[in-house]
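Descriptive analysis of the structure
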Amino acid sequence: MKLLEIEDLSVSVLTEGGYVDIISGLSFSIRKGEIYGLCGESGCGKTVTALSILRLLGSNFHIKGSIFFSGANLLSIPEKEMRQIRGGEISIVFQEPMTSLNPVLKIGEQIGEMLEVQLKLKKKEVKDRVIELLKEVGFEDPERRYHQYPHQLSGGQRQRVLISMAIALNPKLIICDEPTTALDVASEWEILNLLLKLVKQRNMAMIFITHNLHIVERLCTRVGIMYLGRLIEEQKKDIFFERPLHPYSQGLLSSALIRGDELKPIKGTVPDLRNIPSGCKFHPRCDYVMDVCIKEEPKFVKTDNEGYVRCFLYGT
Ligand SMILES: Nc1ncnc2c1ncn2[C@@H]1O[C@H](COP(=O)(O)OP(=O)(O)O)[C@@H](O)[C@H]1O
Ligand code: SF4
Ligand SMILES: [Mg+2]
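My aim in this report is to walk through the structure given alongside it, one point at a time. Residue positions are counted from 1 within each chain, in the order its sequence is given. Each chain takes a letter, starting from A, and each ligand takes a number, starting from 1, following the order in which they are written. With pLDDT at 70 or above as the cut-off, local features in this predicted model cover only qualifying residues; side-chain atom pairs require 80 or more to be listed or tallied, and sums for whole chains, interfaces and linings still use all residues. Processing note: side-chain calculations cover all non-hydrogen atoms of the structure and skip hydrogens and water entirely.

1. Focus on empty space enclosed by the protein
Only protein atoms enter the 1 Å grid used here. Points where a 1.4 Å probe fits but cannot escape make up a cavity, open sets with protein on both sides within 12 Å along at least five of seven lines make up a pocket, and a residue lines them when an atom lies within 4 Å of a point. Grid points are joined across faces, edges and corners, and a volume is the space filled by probe spheres set on the points. Evaluation of the coordinates by the stated rule reveals two cavities of 30 Å³ or more. Its boundaries defined by the atoms lining it, the largest cavity holds a volume of some 80 Å³. Taken together, 13 residues form the lining of the largest cavity, with Cys280, Cys286, Cys293, Cys311 and Phe312 sitting closest to its centre. Here the lining of the largest cavity is composed, by residue class, of 11 nonpolar, two polar and no charged. As for the second largest cavity, its lining consists of Tyr227, Arg230, Ile232, His246, Cys280, Lys281, Phe282, Glu297, Pro298 and Arg310. Lys, Arg, Asp and Glu make up the charged group, whereas Ala, Val, Leu, Ile, Met, Phe, Trp, Tyr, Cys and Pro make up the nonpolar group; the residues left over, Gly among them, are polar. Its residues placed into classes, the lining of the second largest cavity shows five nonpolar, one polar and four charged.

2. Regarding the packing of helix H4 (residues 107–119) against helix H5 (residues 123–136)
Helix packing geometry: the angle between the two helix axes and the distance between the axes. Each axis is a line fitted through C-alpha atoms, and for a helix only the stretch in contact is used; angles between axes span 0 to 180 degrees, taken between their N-to-C directions. Helix numbers and strand numbers start at the N terminus; a helix is a DSSP run of H or I with at least 4 residues, a strand a run of E with at least 2. Interhelical geometry of H4 versus H5 gives an angle of 120 degrees and a closest axis separation of 9 Å. With respect to H5, the element H4 is oriented oblique. Every pair of crossing elements has a handedness; the one defined by H4 and H5 is right-handed. Where H4 abuts H5, its residues Ile107, Gly108, Ile111, Gly112, Leu115, Glu116 and Leu119 lie against Lys123, Val126, Arg129, Val130, Leu133 and Leu134. These descriptions rest on fixed angle ranges, namely under 35 degrees for roughly parallel, over 145 for roughly antiparallel, 65 to 115 for roughly perpendicular, and the rest for oblique. Note on convention: near helix rotated counterclockwise from far helix by under a right angle means a left-handed crossing. Clockwise means right-handed. Contacts were defined at the residue level, with two residues in contact if any of their heavy atoms lie within 4.5 Å.

3. Some points on the site of ligand 2
In the vicinity of ligand 2, the residues found are His246, Pro247, Cys280, Phe282, His283, Cys286, Tyr288, Cys293, Pro298, Cys311, Phe312 and Leu313. The way we define it, a molecule is inside a pocket or cavity when more than half of its atoms are within 2 Å of that pocket's grid points. In this structure the site holding ligand 2 corresponds to the largest cavity. Within the shell around ligand 2, the residues separate by chemical class into 10 nonpolar, two polar and no charged. Each residue is tested against the molecule or strand, and it is near if at least one of its non-hydrogen atoms lies within 4 Å.

4. What about the environment of Gln159?
Here Gln159 lies in helix H7 (residues 155–167). Residues Gln159 and Thr180 lie 21 residues apart in sequence; the distance between their C-alpha atoms is 8.1 Å. Apart from residues no more than four positions distant in its own chain, Gln159 is found in contact with Val93, Phe94, Gln95, Pro97, Pro179 and Ile191. Whenever a nitrogen or oxygen atom comes within 3.5 Å of another N or O atom, the pair is scored as a polar contact, on the condition that within protein one atom can donate a hydrogen and the other can accept it, and that pairs from neighbouring residues in sequence are kept only if both atoms are in side chains. From its side chain, Gln159 meets the backbone oxygen of Pro179 in a polar contact 2.7 Å long.

5. As for the pairing of strand S3 (residues 35–39)
Judged by how many residues are buried, S3 sits mostly within the fold: five of five residues are covered. With burial as the criterion, each face of S3 is covered, one bearing Ile35, Gly37 and Cys39 and the other bearing Tyr36 and Leu38. Think of it in three bands: with a 1.4 Å probe and only protein chains considered, a residue is buried below 20% of the maximum accessible area for its type, exposed above 50%, and partly exposed in between.

6. Looking at the site of ligand 1
In the vicinity of ligand 1, the residues found are Val13, Ile22, Glu41, Ser42, Gly43, Cys44, Gly45, Lys46, Thr47, Val48, Phe61 and Leu273. Take Gly43: an N or O atom from its main chain is 2.7 Å from an oxygen atom of ligand 1. At 2.9 Å, a backbone N or O of Lys46 approaches an oxygen atom of ligand 1. Residue exposure ignores everything except the shown protein chains as possible cover, and the areas themselves are Shrake-Rupley values with a 1.4 Å probe. For ligand 1, whose free accessible area comes to 570 Å², the fraction covered by protein is 63%. Broken down by element, the residue count for the shell around ligand 1 peaks at three residues, all from helix H1 (residues 46–53). Looking at side-chain class alone, the shell around ligand 1 contains six nonpolar, four polar and two charged residues.

7. Some details on the nonpolar core
Within this scheme, the nonpolar core is defined by two criteria: the residues are buried Ala, Val, Leu, Ile, Met, Phe, Trp, Tyr or Cys, and they are joined through side-chain atoms within 4.5 Å. Core analysis: the largest hydrophobic core is formed by 58 residues, its most contacted members being Ile174, Met206, Phe208, Leu213 and Ile225. Examining the composition of this core, we find that seven residues originate from one element, helix H8 (residues 185–201), more than from any other. When sequence neighbours within four positions are dropped, the list of residues in contact with Met206 reads Glu34, Ile35, Tyr36, Leu173, Ile174, Cys176, Leu195, Val199 and Leu219. Judged by nonpolar contacts, the second largest core, of 36 residues, contains Leu4, Ile30, Leu38 and Met226.

Structure below.
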């Protein structure tokens, strides 16, 4: 059963030079229990996608399309209902834990505040729940942590606190936006293992946003590759890593994997959004470019194995 279904999402932002398209015709869906890796280079629109789902974009953004969650279109429900869903049924963990925490409030109080407001629990019940949550995210000394301030914790520990807040209201879907990018490698894998454990135990679905294909391989069940605000390939994880179809996916994989001692980066750079290429948006960087690729944009078409690809090498 589909939990979240994004259909033909387009997002533009009003700048001094007029509207600039950030996301164009984005469609994908998440099923219960699934871990969807949304992957792409910096600036391709991953965070804007996450913020669109939670309706957290400012008034200078224009959004079109639909985002169905448990049957309701999140883009058209009243703000009051959206507030219930945000943090309740869908929660988000951002990249930089320090900026998401209040520096002058104790950890326990911050988690508790959320429970008090949303669940209307008594003080003692709140504290018990907070201690349970701190244990669940791997703190062996939850009582001590309860009374600490954010600056007394390491980056990895702060991210654990944010994860405890994200799971506190039993969400059905958790969106993680590069939650480990600011951490060292050891803490990174601890946090990823924790997320994996929580998703399984609590039967949540997860959208994991990252530019790191190694993480996708370790964590995800399906992968969607974004380029300039579009999905260009979507596959089950194993199929993608065995045989990526899109030339951009192939490039990303060969730049992620060091084969022998040869590292092969994708040629060129991601174009500016104010100056998007004609036709296939990847054509200036593609080794297989044909005439049609410059004139027309390929559609996102079904492949064997229930995947999708946007490239003329595989049809229209
Ligand atoms: N408030 C904004 N004003 C103008 N452009 C923006 C704004 N927010 C994001 N963008 C642009 O939208 C694009 C996608 O951004 P983002 O979703 O943050 O990328 P990613 O998360 O994949 O790195 C970027 O080119 C970024 O510069
Ligand atoms: S459509 Fe053409 S330019 Fe675009 S990725 Fe495919 S072959 Fe390359
Ligand atoms: Mg981002």
